[in-house]
Amino acid sequence: MKRWFWVFDVAAVISFAVIGAESHGLTLDLAGVVRVAAPFLIALAGGVILLRAWREPLSLLNGVLLSLITLAVGMLLRRYLWDEGTPRMFLIVTGAYLFAVMVGWRLIGRTVVRFTS
């Protein structure tokens, strides 16, 4: 689990980008998904390094902090480097989704580990 935890966090960001692109009628191609996901994936990578999240991949605190870092830094990158908008509703929906998925998979993982150990 310690080597593969990041797959779930990356999946959270990419699934958010896919759902968002599809719900807004954007083209659902690789370039479009990457354009939406890239600032958040960069923010996630920075958060993982900053928190050394690989040490305790199932930590709920890591999930909370990674979701907040991914949201905040991703929005800043999106706004200032990608020159894309960051409307309030987008901020709220993104934050809720990232929090729910990034903390949620850790809750599930902790439960599985508890019952299989």
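Note: the structure precedes this text.
Notes on the structure follow. These figures come from a predicted structure and were not determined experimentally.

Regarding unusual backbone geometry
1) Next: One non-glycine residue, R52, lies in positive phi territory at about 50°.
2) Next: Position of R52 relative to the elements: it lies in the loop between α2 (30-51) and α3 (60-80).
3) Next: Positive phi values are uncommon outside glycine, yet D83 reaches one of about 55°.
4) Next: Looking at where D83 falls in the secondary structure, it is placed in the loop between α3 and α4 (88-116).
5) Next: Taking the relative accessible area as the measure of exposure, D83 reaches 62% and is therefore exposed.

Quick word on the nonpolar core
1) Next: Membership of the largest hydrophobic core comes to 19 residues, with the highest contact counts inside it found for V13, L44, V48, L66 and M102.
2) Next: Taken together, the elements giving at least two residues each to this core come down to α1 (5-23), α2, α3 and α4.
3) Next: A total of 6 residues in this core trace back to one element, the largest contributor, which is α2.
4) Next: Setting aside residues up to four positions removed in sequence, V13 forms contacts with A37, F40, L41, L44, T70 and L98.

Regarding the environment of S23
1) Next: Mapped onto the secondary structure, S23 falls in helix α1.
2) Next: Its relative accessible area of 55% is what places S23 among the exposed residues.
3) Next: Along the primary structure S23 and R35 are separated by 12 residues, whereas in three dimensions their C-alpha atoms are 16 Å apart.

Brief notes about the layout of surface pockets
1) Next: By volume, the largest pocket is sized at about 370 Å³.
2) Next: Those elements that provide at least two residues to the lining of the largest pocket are α1, α2 and α4.
3) Next: Ranked by the residues each element gives to the lining of the largest pocket, the list is headed by α1, at 5 residues.
4) Next: For the lining of the largest pocket, the class distribution of residues is 10 nonpolar, 3 polar and 3 charged.

Overview of the environment of N62
1) Next: Tracing the backbone shows N62 in helix α3.
2) Next: Sequence separation of N62 and R106 is 44 residues, and the distance between their C-alpha atoms is 9.2 Å.
3) Next: A distance of 2.9 Å separates the side chain of N62 from the backbone oxygen of E56, its partner in a polar contact.

Considerations on a nonpolar patch on the surface
1) Next: There is a patch of nonpolar side chains on the surface, built from W4, W6 and V7 and spanning about 330 Å² of accessible area.
2) Next: With respect to the helices, strands and loops of the structure, W6 is situated in helix α1.
3) Next: In this structure W6 comes out as partly exposed when scored by relative accessible area, which is 41%.

A few points about the pattern of salt bridges
1) Next: Enumeration over the complete set of coordinates arrives at 2 salt bridges.
2) Next: R106 is the salt-bridge partner of D9, the closest N and O atoms lying 2.9 Å from each other. One end of the pair, D9, is in helix α1; the other, R106, is in helix α4, with 97 residues separating them in the sequence. Considered together, D9 and R106 belong to a single accessibility category, that of buried residues.
3) Next: The salt bridge involving E84 is made with R35; its shortest N-O contact spans 3.6 Å.

Cut-offs and rules
- Residues numbered from 1 in each chain as written.
- Predicted model: local features only at pLDDT ≥ 70, side-chain atom pairs only at ≥ 80, totals over all residues.
- Heavy atoms only, no water.
- Helix = DSSP H or I, 4+ residues; strand = E, 2+ residues; numbered from the N terminus.
- Buried < 20%, exposed > 50% of the residue type's maximum accessible area, 1.4 Å probe, protein only.
- Core = buried A, V, L, I, M, F, W, Y, C linked by side-chain atoms within 4.5 Å.
- Contact = heavy atoms within 4.5 Å.
- 1 Å grid on protein atoms, 1.4 Å probe; cavity = no way out; pocket = protein on both sides within 12 Å on 5 of 7 lines; lining within 4 Å.
- Points joined across faces, edges and corners; volume = space filled by probe spheres on them.
- Nonpolar A, V, L, I, M, F, W, Y, C, P; charged D, E, K, R; others polar.
- Polar contact = N/O pair within 3.5 Å; in protein donor to acceptor, adjacent residues only side chain to side chain.
- Patch = residues over 30% accessible without salt bridge, like charges linked within 9 Å, V, L, I, M, F, W, Y side chains within 5 Å.
- Areas by Shrake-Rupley, 256 points an atom, 1.4 Å probe, with all protein chains shown as cover.
- Salt bridge = Lys/Arg side-chain N within 4 Å of Asp/Glu carboxyl O.

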